[in-house]
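Secondary and tertiary structure notes
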Amino acid sequence: MATLRTLTVQLLNTISLSCSLLSISLAAMPMHVPVVMDSASRCDSLPEWKGSDSRSDGSTATNIVRRSVHQWLNPNGSDECQLLSRWKVGNPASRQEAQMQYDSLRKYIEHCAAGDSTAFMAFGTMDVDIAHLSTDTNVFNSYRAWLISVINLSPNQDRYFCACLSSIAGSYLHYRGYFPTMCYLSVLDYIRKCGRCGNTQGDDAEFSKDSLYAWQHGQDPSHLIPLDSLGLGFLLTKGVKTPSATSSSGFLSSFTGSPNPFTKETELTYVLNRMTYVTVAIYDELGRMVWGDGKGRSLDAGTHTIDIDGASLPSGTLYARISTGFGEVKTVKLVHQE
């Protein structure tokens, strides 16, 4: 399993950052260096990273031959997922193409990740795209929220989970110029210990090197930021392989339908506590889907509404169902009267 450093080498090459080799040991680092700093500032207060991008085990990143995105614009009869997946190997030549690639891969992940074992490859490409598009902290915060919302879309694929989590960790680096922060170290520490992403000597060396850099610049890597405070508390759920939402960190607040009963049309309304991947569908009493296409999408926190045209629905008792990428489900009983 490639480490986070390996996954981000392509980004560094693309944006031509200059890195020098840092070959010093963590052994000299004290166990505790008192610091007074809140969680937010510890995430983005370090100076520019000047460390090495090489791994101590001698491994190097795999070079992927990329093609111009223009070569992928012709679908040639491909279905949606096949067409969108081609953007994984596009090399945008402009900011506009980077935006096209990012938007396409976001749709690809949301619609196709569950059925494509190579979906994990999209995250590294999207990391490059987002770095091309902006250095605004809010852009990276939004990207991170989206990554969290889709992390569980391919629950049986460790490579997908680990690549997504690596991009989450990396989102704390890129907008600050690629250097270790306490938020990054907290996620990286989980990655190397979780058991799903491997734990090689290179992983430990990377964490040690970045921890030393953080300590040398006034932070205390022996007291990492809790994952709960980073919106990643679901990773700590015990006894399950995949993340799940808990009552204290639920993504979905409410789901209602009005008017109900209805004749011509009704409106489904749901409230999200944070950016969430949701799928909405309506079923008849036999469990057959009568509205919806089975595809979900990630939506921002807040209130969302869907107008339902009764003309396309059978009369009688129906069930509107909403589910999130973390297994939360709510159902509303509807009555359609002709």
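Right above here is the structure, for reference.
Heads up: these notes are all about the structure in this document. Please read these numbers as outputs of a predicted model, since none were measured by experiment. (Residues numbered from 1 in each chain as written. Predicted model: local features only at pLDDT ≥ 70, side-chain atom pairs only at ≥ 80, totals over all residues. Heavy atoms only, no water.)

Some remarks on the packing of helix 4 (residues 95-112) against helix 5 (residues 121-133)
The interhelical angle for the contact between helix 4 and helix 5, taken along N-to-C directions, is 145 degrees, at an axis separation of 9 Å. Once helix 4 is placed against helix 5, the crossing between them reads as left-handed. The residues of helix 5 that touch helix 4, namely those facing Arg95, Ala98, Gln99, Gln101, Tyr102, Leu105, Arg106, Tyr108 and Ile109, are Ala122, Phe123, Thr125, Met126, Asp129, Ile130, His132 and Leu133. Within the contact of helix 4 with helix 5, the residues separate by chemical class into 10 nonpolar, four polar and three charged. (Axes fitted to C-alpha atoms, helices over the stretch in contact; angles between N-to-C directions. Helix = DSSP H or I, 4+ residues; strand = E, 2+ residues; numbered from the N terminus. Left-handed = near helix turned anticlockwise from the far one by under 90°. Contact = heavy atoms within 4.5 Å. Nonpolar A, V, L, I, M, F, W, Y, C, P; charged D, E, K, R; others polar.)

Notes on helix 6 (residues 137-150)
Between its first and last C-alpha, helix 6 extends 20 Å over 14 residues, near the 20 Å set by a 1.5 Å rise per residue. Taken together, the buried positions of helix 6 are Phe140, Tyr143, Arg144, Trp146, Leu147, Ile148, Ser149 and Val150. The distance from a side-chain oxygen at the start of helix 6 to the backbone nitrogen of Asn138 is 2.9 Å, and the residue carrying that oxygen is Asp136. (Expected span 1.5 Å × (residues − 1). Buried < 20%, exposed > 50% of the residue type's maximum accessible area, 1.4 Å probe, protein only. Polar contact = N/O pair within 3.5 Å; in protein donor to acceptor, adjacent residues only side chain to side chain.)

Remarks on a negative patch on the surface
Residues Glu265, Glu267, Asp307 and Asp309 make up a contiguous surface patch of negative charge. At the level of elements, strand 2 (265-272) and strand 6 (302-309) are the ones that each hand at least two residues to the negative patch. With respect to the helices and strands, Glu267 occurs in strand 2. (Patch = residues over 30% accessible without salt bridge, like charges linked within 9 Å, V, L, I, M, F, W, Y side chains within 5 Å. Areas by Shrake-Rupley, 256 points an atom, 1.4 Å probe, with all protein chains shown as cover. Salt bridge = Lys/Arg side-chain N within 4 Å of Asp/Glu carboxyl O. Lys, Arg positive; Asp, Glu negative; His and termini not counted. Charge placed at Lys NZ, Arg CZ, Asp CG, Glu CD.)

So, the packing of aromatic side chains
In total, this model carries six aromatic pairs according to the counting rule given. Ring centres of Tyr102 and Tyr143 lie 6.0 Å apart, and the angle between their planes is 65 degrees; this geometry places the pair in the edge-to-face category. One end of the pair, Tyr102, is in helix 4; the other, Tyr143, is in helix 6, with 41 residues separating them in the sequence. When the ring of Phe251 is compared with that of Phe326, the centres are 4.5 Å apart and the planes differ by 15 degrees; the resulting orientation is stacked. Residue Phe251 is located in the loop between helix 9 (201-216) and strand 1 (252-258), and its partner Phe326 is located in the loop between strand 7 (316-324) and strand 8 (329-336); the two are separated by 75 residues in the primary sequence. Judged on exposure class, the residue Phe251 and its partner Phe326 are both buried. By way of ring pairs, the aromatic residues Tyr102, Tyr143 and Trp146 are connected into one cluster. Lying over the aromatic face of Tyr172, Arg144 brings its terminal NZ or CZ to 3.8 Å of the ring centre. The ring of Phe207 has Arg192 lying over it, and the distance from NZ or CZ to the ring centre is 4.0 Å. (Phe/Tyr/Trp six-rings, centres within 6.5 Å; stacked < 30°, edge-to-face > 60°. Lys NZ or Arg CZ within 6 Å of the ring centre and 35° of its normal.)

A closer look at the pattern of salt bridges
As enumerated under the stated definition, the model contains eight salt bridges in all. Taking the shortest distance from any N to any O, the salt bridge between Arg106 and Glu110 comes out at 3.4 Å. Of this pair, Arg106 and Glu110 both sit in helix 4, four residues apart, which is roughly one turn of that helix. Accessibility expressed as a relative area gives 9% for Glu110, which makes it buried. Here Asp158 makes a salt bridge to Arg196, at a shortest N to O gap of 2.9 Å. One end of the pair, Asp158, is in helix 7 (residues 158-174); the other, Arg196, is in the loop between helix 8 (182-193) and helix 9, with 38 residues separating them in the sequence. Owing to a relative accessible area of 23%, Asp158 belongs among the partly exposed residues under this scheme. We classify Arg196 as buried; its relative accessible area is 12%. Taken together, the shared-partner salt bridges connect Asp189, Arg192, Lys193 and Asp204 into one network.

Considering the pairing of strand 8
Where strand 7 meets strand 8, eight bridges bridge the pair, whose relative direction is antiparallel. Counted as the bridge partner of Gly316 is His336 from strand 8. What sits between the antiparallel neighbours strand 7 and strand 8 is a turn of four residues, in which Gly327 has the positive phi angle 90 degrees. (Pairing = 2+ DSSP bridges.)

A word on the state of the cysteines
Counted under the stated rule, the structure contains two disulfides. Each sulfur in the disulfide pair Cys162 and Cys197 lies 2.0 Å from the other. An S-S torsion of about -95 degrees defines the bridge between Cys162 and Cys197 as left-handed. One end of the pair, Cys162, is in helix 7; the other, Cys197, is in the loop between helix 8 and helix 9, with 35 residues separating them in the sequence. Classification of Cys197 by relative accessible area gives buried; the value is 5%. For the unlinked cysteine Cys194, the closest cysteine sulfur is that of Cys197, found at 3.8 Å. (Disulfide = S-S within 2.5 Å.)

Section: the sheet that holds strand 2
Reading across from one edge, 1-2-6 is the order of the three strands in this open sheet, with antiparallel pairing throughout. Looking at which strands have only one partner, the edges of the open sheet turn out to be strand 1 and strand 6. Strand after strand, the sheet turns through a mean of 15 degrees between neighbouring axes, direction not considered. Relative to strand 6, strand 2 runs antiparallel, the two being bridged by eight bridges. When the bridges of strand 6 are listed, Val271 appears paired with Thr303.

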